[in-house]
Amino acid sequence: MGGRRGRCFPCLFHGRRRSRRRIRRTSPLNEEEEKRSPVLLVSGIGGSILNARKKQKNKSGGDAPAIRVWVRFFLASLEFKKYVWSIFNPKTGYTESLDPDIEVIVPDDDYGLYAIDILDPTWLVRCLHLTDVYHFHDMIDMLLESGYEKGTTLFGYGYDFRQSNSYCLCHFCLWVNLLLILVFGWMIRIKKIVDGLREKLVTAYKASGGKKVNIISHSMGGLVVLAFLSLHRDVFEMYVNSWICIACPFQGAPGCINDSLLTGLQFVYGLKSFLFVSRWTMHQLLIECPSIYEMLPNPEFKWKQSPLINVWRKQSDGKGSTSVKMESFGPIETMHLFKEALQDNELEYDGKRVPVPFNFSILKWAIETRRIWKSALLPESVRFYNIFGTSYDTPFDVCYGSETSPIGNLSEICQSEPGYSWVDGDGTVPTESAKADGFSAAERVGISDTHRGLLSNETLFQHLKQWLEIN
C-alpha cells in the first residue's frame, strides 16, 4: 500500500492547456460542414459551473442575481459552505441546499458551453495561469477550429452534479409512490438531469436542421447518458447518431469513491490549496450526494479482484491485553464500515450542528439507479465508442492505519491518511471499470493519460476527428 494522496479525483485538474484562440467565421459553411451532424458535450462530476441565487424574485419580478459557487478560487471555501453544502431529502430524492431560500443553478450561456469550458472564468485565474480549471476548453477549441459552430453544430450540457444521475421524486408523487412501494416495491421518479439532457438533444437536433446528434461524454457524464438511454431508448434512437464515451466509471471508481466518503477530496496542493475548497469541506458535501453513492464499486460486477477497504485495528481480549489485526471489507461489507466511521460526523452551519452520517436513504436510491442502468440496450442505429485511460496508477484498495499505528474507534478513519493499492487506469477510474460498458462497441481505445488530461489529449482528438468524419 502506498500513501500517496491527491490522486483520487484529478477529474477537474492536472489538464494541459492549449493556447486559446477565438474562432470567428468570415466565410459561409462549405459543403462538408453543412452535412455535419451536431456535437453535444456532456460534462462529468464537478465539471459544470454552479451558480447560487435566492429563490425569491427581485422587486421587478425578475430572478435574483446569481453568484458562482463552483468552481471558484477566491473565497472558495466560504461561498461553498454558505451555498453548496446540502442535505439529501428522502421525500423528494433531491439534494437541497442547507439554506432553504437558496437554489443552485447551472448557467446555460453560450448554448450550454460556458458552464463546461473554463470553470472559473475570472481575470484572477487567467493572471495566475490556473489552467487546471480549463475543462472542455481545448476540445471546444479543436471543434471550432474544425468548422463546428456554437448554437448550430456545437452545444454543451452541464448539470447539478450533486444530484442523482437518473431521477428525483416530486411531492406530487409521494402518496402514489408510497402505494407503489408497498404493493410493487418500485417507485416513480421525476427526471431532472435526464430531462435536461433530452431538451438539449432536441435543441441540437432542430438547430442543425434535423440531423442526429453525436454525444461526447466525460466521466460521470457517461452515466447520465446511460440513464437517459435506459429510460428513453426510443428517444435516444430518434435523436442520437453516435455516443463517444470518455473515462466513464461504468462499474464504479473503488479507491476514489470509497476514500471520498470517508476522508473527502483534495483537488489542489501547494499555494493553490489555500485558495480552494478544503478536503474536509468537500467531504461534508459528498456524504449527501447521490451521484457519489452511484459510483461506489458495483458489488455485482465480476472484478478480477474484489476492491477492499482494509483497516489496521486494535484488538482487545478483555483482560487488558491488546493486539493489532487487519480487517478487510468488500463492496457489501463496506456499508457497515461507512455507518460506524461516520456515525458521529457533523458540520456546523448558521450556528447549528447538523448531523451528516452515512446516508442509507441515498444508498437505497443508488441501488435502484444501478438497477435502472442495467436495463440499458443500445439501439442498432447508434454507434458507440469507448475511450479509457491507461498507464497511470489508479487507487483500488484503500487502507487506513498501520501495524505500528492502528485505528481504535472506526471514526478515527475520517482523520487518517489513506494508503492505496494501485491498478491500471487514468488515476481516477480503473481501466477494468471504464471498459466494462456492456455494449457492442464500434471501437474501444485505451489512451495513456490522466482522467482530466484525456480532454486535451491530441491522440484522443485524432480519434474524434475520425469518428466524427472531420477532414
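Predicted, not measured: the structure shown is a model, and the values here were computed from it. (Residues numbered from 1 in each chain as written. Predicted model: local features only at pLDDT ≥ 70, side-chain atom pairs only at ≥ 80, totals over all residues. Heavy atoms only, no water.)

### Focus: the sheet that holds strand β7 (residues 154–157)
Line of reasoning, step 1. Spatial strand order, β7-β1-β8-β9-β14-β17: six strands in an open sheet with parallel pairing. Strands with a single pairing partner mark the edges of an open sheet, and in this sheet they are β7 and β17 (443–448). The average undirected angle you get between the axes of adjacent strands in this sheet is 20°.
Line of reasoning, step 2. Packed onto the sheet, helix α4 (residues 137–145) meets β1 (39–42), β7, β8 (213–218) and β9 (240–246) and runs at close to 175° relative to β1.
Line of reasoning, step 3. Strands in contact with helix α15 (residues 458–467) are β8, β9, β14 (383–390) and β17; relative to β17, the strand with the most contacts, it is inclined by about 160°. (Pairing = 2+ DSSP bridges. Helix = DSSP H or I, 4+ residues; strand = E, 2+ residues; numbered from the N terminus. Axes fitted to C-alpha atoms, helices over the stretch in contact; angles between N-to-C directions. Contact = heavy atoms within 4.5 Å.)

### Quick look at the confidence of the model for the chain
Line of reasoning, step 1. Mean pLDDT over the chain: 87, with 85% of residues reaching 70 or higher.
Line of reasoning, step 2. Under a pLDDT of 50 for its full length, residues 1–22 has, in the predicted model, 101 contacts with residues more than four places off or in other chains.
Line of reasoning, step 3. In this model residues 168–190 is a low-confidence stretch, pLDDT under 50, and it forms 42 contacts with partners more than four residues away in sequence or in other chains. (pLDDT = per-residue confidence, 0-100.)

### A word on the environment of Gly112
Line of reasoning, step 1. Its place among the elements puts Gly112 in the loop between β6 (102–105) and α3 (123–127).
Line of reasoning, step 2. When its relative accessible area of 2% is taken as the criterion, Gly112 is described as buried.
Line of reasoning, step 3. Through-space distance from the C-alpha of Gly112 to that of Tyr157 is 5.3 Å; in sequence the pair is 45 residues apart.
Line of reasoning, step 4. If near-sequence neighbours (up to four positions away) are discounted, Gly112 is found in contact with Gly156, Tyr157 and Lys200. (Buried < 20%, exposed > 50% of the residue type's maximum accessible area, 1.4 Å probe, protein only.)

### As for the packing of helix α9 (residues 254–263) against helix α10 (residues 279–286)
Line of reasoning, step 1. Closest axis-to-axis distance for the α9/α10 pair is 7 Å, and the angle between their directions is 105°. Considered as vectors, α9 and α10 are oriented roughly perpendicular to each other. Of the residues in α10, those touching α9 at Asp259, Ser260, Leu261, Leu262 and Thr263 are Arg279, His283 and Leu286.
Line of reasoning, step 2. Each residue belonging to the contact of α9 with α10 can be placed in one class, and the counts come to three nonpolar, three polar and two charged. (Parallel < 35°, antiparallel > 145°, perpendicular 65-115°, else oblique. Nonpolar A, V, L, I, M, F, W, Y, C, P; charged D, E, K, R; others polar.)

### Describing the nonpolar core
Line of reasoning, step 1. Counting residues in each nonpolar core, the largest one holds 102 residues, and the members touching the most others are Trp70, Leu197, Leu201, Phe236, Trp243, Met282 and Tyr293.
Line of reasoning, step 2. Among the elements that make up this core, the one with the highest residue count is helix α7 (residues 221–231) (seven residues).
Line of reasoning, step 3. Not counting residues within four places of it along the chain, the set of residues in contact with Leu201 comprises Leu40, Val213, Ile215, Phe228, Tyr239 and Val240.
Line of reasoning, step 4. Judged by nonpolar contacts, the second largest core, of 28 residues, contains Leu143, Ala247, Ile387 and Leu468. (Core = buried A, V, L, I, M, F, W, Y, C linked by side-chain atoms within 4.5 Å.)

### Let's talk about the packing of α9 against helix α12 (residues 334–342)
Line of reasoning, step 1. Running from amino to carboxyl end, α9 crosses α12 at an angle of 20°, the nearest separation of the two axes being 10 Å. Taken together, the axes of α9 and α12 lie roughly parallel to each other. As α9 packs across α12, the resulting crossing turns out to be right-handed. Taken together, the residues of α12 that come into contact with α9 (itself represented by Asn258, Leu261 and Leu262) are Phe338, Ala341 and Leu342.
Line of reasoning, step 2. The residue inventory of the contact of α9 with α12, partitioned by class, reads five nonpolar, one polar and no charged. (Left-handed = near helix turned anticlockwise from the far one by under 90°.)

### Focus: the pattern of salt bridges
Line of reasoning, step 1. Tallied over the entire structure, the rule returns 14 salt bridges.
Line of reasoning, step 2. Ionic pairing is found between Glu103 and Arg53, a salt bridge with its closest N-O pair at 2.7 Å. On the criterion of sequence distance, the pair formed by Glu103 in strand β6 and Arg53 in strand β2 (residues 50–54) is long-range, its members being 50 residues apart.
Line of reasoning, step 3. Residue Glu103 is classed as partly exposed on the basis of its relative accessible area of 25%.
Line of reasoning, step 4. Arg53 sits in the buried class, given a relative accessible area of 18%.
Line of reasoning, step 5. In this structure, Glu300 and Lys374 form a salt bridge, with 3.4 Å as the shortest nitrogen-oxygen distance. Highlighted residues: Glu300 in the loop between α11 (290–293) and β10 (309–316) and Lys374 in helix α13 (residues 360–374), separated in sequence by 74 residues.
Line of reasoning, step 6. Taking relative accessible area as the criterion, Glu300 reaches 60% and is therefore assigned exposed. (Salt bridge = Lys/Arg side-chain N within 4 Å of Asp/Glu carboxyl O.)

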